[in-house]
Amino acid sequence: MPKHLDRTLTWTEARDRAAQGAVIVIPVAAIEQHGHHLPIDVDNVLVEHVTEEAARRSAGRLLTAPMIHYGFNEHNMGFPGTITVRETVFMDFCYDVAHSFVRQGFDRLIFINGHGSNQMLLNLVARRIVNSTQALAASAAHWWLAKRAVDERRASAFPGGMAHACEFETSMYLYLKPELVDMSKATGRETPSTLNEWIYDDLFGSGPFHFVNRWSRISESGVEGDPQLATPEKGRAFAECAIENLISFARFFREYTPPPDRDFNYQPPGL
Ligand SMILES: [Zn+2]
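Notes on the structure follow.

So, on to the overall build of the protein. Helix and strand counts for the protein stand at nine helices and six strands. Against the compact-globule benchmark of 18 Å for 271 residues, the protein has a radius of gyration of 20 Å, which places it among compact chains. Seen through its C-alpha atoms, the protein measures out along the principal axes to roughly 65 × 50 × 35 Å. Scored against the burial criterion, the 271 residues of the protein give a buried share of 46%. Pairs at least 24 apart in sequence give 79% of the contacts found in the protein among residues at least 6 apart.

What follows is the structure in structure tokens.
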């Protein structure tokens, strides 16, 4: 069984895996408040499970990097336990981690994200890798990979019913670490960022205007959604769907060869 965690390789094994074309998965999360019923490490636990399991089942095609534990979280700083990294620092840090893999000869990189506010920044980091190196990089939130399973089971209203410490995240955590969930405190049934047809937020679709308020202004419990609808069975189905899709995307990404670059600019003679 080939090793599935990058951190367990020796340096010669790392060179061999680059030569064999392993796809690198970089899990990225956050430490932040998740209501009264869930610990602050939810984003870490969920993204770690999806990425490590996908790599473990991929027969060596995927290699999971050590996780980036902290994320961009300024809007949540009114809640204790939350840690934020400034957006520019976060982007540079993620870029440097990814670029180190490129320098070792890995040429397919996937960021899997577990925290909503990281997503736009990781999209830009992936684009920066594509624009500045010959490697290919892509990014996705793990819940998007679980969409099929969510569509079959979702009981929360849309929009706003699945956004933060909600049916989705609580189900996954109930599946993975039930002993750390206190469902007697999962009473925050809130949809704080759902204001009108222009501004609403949900893991599975947002309104046309991007507007993120400071969270303490609008949420009492820290929750956005309905955690009472969570079950461990749903969590297992969400996780399994995301794992399967990550493996099949990695297979496609490994095999995809982009057409060669072209340069249609005017070339002055003599330059
Ligand atoms: Zn979360």
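From this point, things continue past the structure.
Another point: the nonpolar core. Grouped together as the largest cluster of nonpolar side chains are 67 residues, with contacts concentrated most on Ile-24, Val-25 and Phe-238. In terms of residues, this core owes the most to one element, helix H9 (residues 232–255), which gives eight residues. Apart from the residues lying within four places of it in its own chain, the contact partners of Phe-238 are Ala-146, Ala-149, Val-150, Phe-168, Ser-171 and Met-172.

The end-to-end C-alpha distance of helix H3 (residues 87–103), which contains 17 residues, comes to 24 Å, matching closely the 24 Å that a straight helix rising 1.5 Å per residue would cover. Taken together, the buried positions of H3 are occupied by Phe-90, Cys-94, Ala-98, Phe-101 and Val-102. The buried residues of H3 all sit within an arc of 115° when viewed along its axis, so they share a single face. Exposed and facing more than 90 degrees away from the buried side of H3 are Thr-88, Val-89, Asp-96, Ser-100 and Arg-103.

The two faces of strand S4 (residues 136–141) differ: Ala-137, Ser-139 and Ala-141 on one face are buried, but Leu-136, Ala-138 and Ala-140 on the other face are not. Across six bridges, strand S3 (residues 108–113) lies against S4 in parallel orientation. Looking across to S4, one finds that Arg-108 is bridged to Leu-136. Crossover handedness for the path S3 to helix H4 (residues 119–132) to S4: right-handed.

A few words on the packing of H3 against H4. Helix-helix packing: each pair is described by the crossing angle between the helix axes and the interaxial distance. Interaxial distance between H3 and H4 falls to 9 Å at its minimum, and their mutual angle equals 40°. When the axis of H3 is compared with that of H4, the two are oblique. Here the hand of the crossing between H3 and H4 comes out right-handed. Touching Glu-87, Phe-90, Met-91, Cys-94, Tyr-95, Ala-98, His-99 and Val-102 of H3 are Leu-121, Leu-122, Leu-124, Val-125, Arg-128 and Ile-129, all from H4. Taken together, the residues of the contact of H3 with H4 sort by class into 11 nonpolar, one polar and two charged.

What follows deals with unusual backbone geometry. Note: most residues except glycine have negative phi, and most peptide bonds are trans. With an omega of 0°, the peptide bond between Phe-158 and Pro-159 qualifies as cis. Looking at the secondary structure, you find Pro-159 in the loop between helix H6 (147–153) and strand S5 (162–164). The phi angle at Ala-59 is positive, at roughly 55°, despite the residue not being glycine. Tracing the chain through its elements places Ala-59 in the loop between helix H2 (42–56) and strand S2 (62–64). In this structure, Ala-165 is a non-glycine residue whose phi angle is positive, near 55°. One can find Ala-165 in the loop between S5 and helix H7 (167–176). What makes Ala-165 buried here is the crowd of 27 C-beta atoms within 10 Å.

What counts and how
Every residue gets a number counted from 1 within its own chain, in the order that chain's sequence is written. This being a predicted model, a pLDDT of at least 70 is required before a residue's local features are given, and a value of 80 or more before pairs of side-chain atoms are given or counted; all residues contribute to the totals for chains, interfaces and linings. Going along the chain from the N terminus, every DSSP run of H or I of four or more residues is numbered as a helix, and every run of E of two or more is numbered as a strand. Only the C-alpha atoms count toward the radius of gyration. The rule for a globule is 2.2 Å times the residue count to the power 0.38. Exposure classes come from backbone-placed C-beta atoms, where a residue is buried if 20 or more other C-beta atoms lie within 10 Å of its own, exposed if 12 or fewer do, and partly exposed in between. For the purpose of contact definition, each residue receives a C-beta atom placed from its backbone, and two residues are in contact when these atoms lie within 7 Å. We define a nonpolar core as a collection of buried residues of the types Ala, Val, Leu, Ile, Met, Phe, Trp, Tyr and Cys that are connected via C-beta atoms lying within 7 Å of each other. Expected span of a helix, by definition, is 1.5 Å for each gap between consecutive residues, and there is one gap fewer than residues. This arc is taken over the directions from the axis of the helix to the C-beta atoms. Any two strands between which DSSP finds at least two bridges are classified as paired. Crossover handedness is defined by viewing with both strands directed away from the observer: a clockwise path from the first strand over the helix to the second marks the crossover as right-handed. Geometry is summarised by axes, namely lines fitted to C-alpha atoms with helices restricted to the contacting stretch, and by angles between N-to-C directions that run from 0 to 180 degrees. Note that the term roughly parallel is reserved for angles under 35 degrees, roughly antiparallel for angles over 145, roughly perpendicular for angles of 65 to 115, and oblique for everything else. Whether a crossing is left-handed or right-handed is set by the direction in which the near helix is turned from the far one by less than a right angle, anticlockwise for left-handed and clockwise for right-handed. Three classes are used: nonpolar for Ala, Val, Leu, Ile, Met, Phe, Trp, Tyr, Cys and Pro, charged for Asp, Glu, Lys and Arg, and polar for all others, with Gly counted as polar.

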